[in-house]
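Chains, contacts and geometry: an overview
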Amino acid sequence: MYLGRVVFGNSLRSWIISTLITLILYFIFYAVKHIVRRRLAALAKEADTNWEKLAIKFVNQLHPLFLLTLAIYVGSVNLSLPPIVEKLIKYSVGIFLLIQIGLSSSLVINFYINRYKEQKIESNAGAVTTATSAGFILRLMIWVVLILVALDNLGINIKTLIAGLGISGIAVALAVQSILGDLFASLSIVLDKPFVIGDFIIVNEHLGTVEKIGLKTTRIRSLSGEQLVISNGDLLKSRIRNFKRMYERRVVFSIGVLYQTPSEKLRLIPKMIREIIESKEPVRFDRAHFNEYGDYSLKFEIVYWIHSPDYNIYMDIQQAINLEIYEKFEESDISFAYPTQTLLLEQSNGRKSIDGR
């Protein structure tokens, strides 16, 4: 008797059946989601392939609200609802479906970009930088298309909206021109590639390794550990020194010996240093010259090249050269110079004495 009572245009029996269908479907969707996730996790442990990892992430990001909305839509099929309520349910299902498509598309794009990054970051960092930016642009395009589709389904005239956005876009562009400047600077960095992810760069007084190139800023990990965030526009206006692009390193250093060093030993020093440097690898000797009479020393300038940009390799080689020069000078009785002064003292009898310090 009570089940036949009409409530909001439907019998109480119909409401109960629709509610049960909705709840049963939701729990079925939810249970299937967890069963599939656990099964995929077991397969991933056995095979450990990228397909299983992607499938697990895909199942995990299925939103409960999407599953609930879908269950409500199926459960309300047999109900006689007012047109506005039917439209509301259909629009809700459509919007949640479009959101789910956007989330799934972003997940797939991010997954493959991260996979590509892991494979290519060491061999081709420039391609990784381009792929990261291309992935963002692709995700942005997908969301723009989905939003336009959603607005079209809601009955909004997209052509009029786009025309209105075109007119108002000028005012918005003037208001956010600094942001747009950084955006175009980001595209310029991606296309021109003055640096890529993983490069060690110096920008003014800042130096570090590039960690991320974003739409507005670039993040650099400094040698002391902190992260530097610099706008892309400021980066392109600065002089950037990219040490990762250095194929070989030119090293210039000098040494000084005492003025009391005999001339025959001075002539031996360039040859001695040349033999020391040429014995090292990977090194190309350039020159060694007695180039200057200093304030307290006879100075030699030495130049050589290291066929590697690695800073640690440079320091190891320079240390080995310095130690061997010291040993050779000890064997040859050649003394390094140190700051000295000579004072002339005039005595009362008119004689002069020399005090060397």
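Structural notes, computed from the coordinates.

Conventions adopted
- Residues numbered from 1 in each chain as written.
- Predicted model: local features only at pLDDT ≥ 70, side-chain atom pairs only at ≥ 80, totals over all residues.
- Heavy atoms only, no water.
- Helix = DSSP H or I, 4+ residues; strand = E, 2+ residues; numbered from the N terminus.
- Expected span 1.5 Å × (residues − 1).
- Bend = angle between axes of the 7 residues up to and from the residue.
- Buried < 20%, exposed > 50% of the residue type's maximum accessible area, 1.4 Å probe, protein only.
- Contact = heavy atoms within 4.5 Å.
- Pairing = 2+ DSSP bridges.
- Axes fitted to C-alpha atoms, helices over the stretch in contact; angles between N-to-C directions.
- Parallel < 35°, antiparallel > 145°, perpendicular 65-115°, else oblique.
- Left-handed = near helix turned anticlockwise from the far one by under 90°.
- Nonpolar A, V, L, I, M, F, W, Y, C, P; charged D, E, K, R; others polar.
- Salt bridge = Lys/Arg side-chain N within 4 Å of Asp/Glu carboxyl O.

1. Focus on helix α9 (residues 263-278)
Its 16 residues give α9 an end-to-end C-alpha distance of 24 Å, which sits within 8% of 22 Å, the value for a rise of 1.5 Å per residue. A bend of about 30 degrees at isoleucine 269 is the largest found in α9, and the proline proline 270 appears one to four places after it. Of all the positions in α9, only Leu266, Ile269, Pro270, Met272, Ile273, Ile276 and Ile277 are classed as buried. Along its buried surface, α9 packs onto β8 (249-257), β9 (283-293), β10 (298-306) and α10 (311-331).

2. Structural notes on the pairing of strand β4 (residues 206-213)
Where strand β3 (residues 200-203) and β4 come together, four bridges link them in antiparallel fashion. Within the sheet, the bridge partner assigned to isoleucine 202 lies in β4 and is leucine 207. Adjacent in sequence and paired antiparallel, β3 and β4 are bridged by two residues, among which asparagine 204 carries a positive phi angle near 55 degrees. In this structure, β4 lies alongside strand β5 (residues 217-222), joined through five bridges in antiparallel fashion. Its bridge partner being in β5, threonine 209 is matched across the sheet by arginine 221. Counting the residues between successive antiparallel strands, the hairpin from β4 to β5 contains three residues.

3. Observations regarding unusual backbone geometry
Excluding glycine, a negative phi dihedral is what most residues carry, and trans is how most peptide bonds are arranged. With omega at -10 degrees, the peptide bond leading from glutamate 281 into proline 282 counts as cis. Checked against the element boundaries, proline 282 lands in the loop between α9 and β9.

4. Some thoughts on the sheet that holds β8
Taken in spatial order, the three strands of this open sheet run β8-β10-β9, and their pairing is antiparallel. This sheet does not close on itself; its edge strands, each paired only once, are β8 and β9. Averaged over neighbouring strand pairs, the angle between their axes works out to 20 degrees when direction is ignored. Pairing of β8 with β10 involves nine bridges; the strand directions are antiparallel. In the strand pairing of β10, valine 251 is matched with tyrosine 304. The sheet contacts of α9 involve β8, β9 and β10, and relative to β10 the element is tilted by about 20 degrees. Here α10 sits on the sheet in contact with β8, β9 and β10, set at roughly 25 degrees to β8.

5. Some remarks on the packing of α9 against α10
Two numbers describe how α9 lies on α10: the axes approach to 10 Å, and their chain directions differ by 140 degrees. Classed by the angle they form, the pair α9 and α10 counts as oblique. Crossing of α9 against α10: the hand is right-handed. Contacts between α9 and α10 pair Ile269, Met272, Ile273, Ile276 and Ile277 from the former with Ile321, Glu324, Ile325, Lys328 and Phe329 from the latter.

6. Observations concerning the side chain of serine 106
Counting through the fold element by element, serine 106 comes out in helix α4 (residues 83-120). Look past the residues within four positions of serine 106 in its chain and what remains in contact with it is Arg139 and Trp143.

7. Looking at the pairing of strand β6 (residues 227-231)
Bridge count between β5 and β6: five bridges; the pairing is antiparallel. Within β6, the position partnered with arginine 219 by the bridge is valine 229. Here β5 folds back onto β6 in antiparallel fashion, the turn holding four residues, of which glycine 225 has a positive phi close to 110 degrees.

8. Considering the packing of helix α3 (residues 64-75) against α4
Taken N-terminus to C-terminus, the directions of α3 and α4 make an angle of 145 degrees; their axes are 9 Å apart at the nearest point. Helix-helix and strand crossings are classified by hand; for α3 and α4 the assignment is left-handed. Facing Leu65, Phe66, Thr69 and Tyr73 of α3, the residues of α4 in contact are Ile89, Lys90, Ser92, Val93, Phe96, Leu97 and Gln100. Taken together, the residues of the contact of α3 with α4 break down into seven nonpolar, three polar and one charged.

9. Considerations on the pattern of salt bridges
Summed over the entire model, instances satisfying the criterion amount to five salt bridges. Two residues, glutamate 211 and arginine 221, come together in a salt bridge whose shortest N-O distance is 2.9 Å. On the criterion of sequence distance, the pair formed by glutamate 211 in strand β4 and arginine 221 in strand β5 is long-range, its members being 10 residues apart. Exposure remark for glutamate 211: the relative accessible area of 31% places this residue in the partly exposed category. The exposure class of arginine 221 is partly exposed, given its relative accessible area of 32%.

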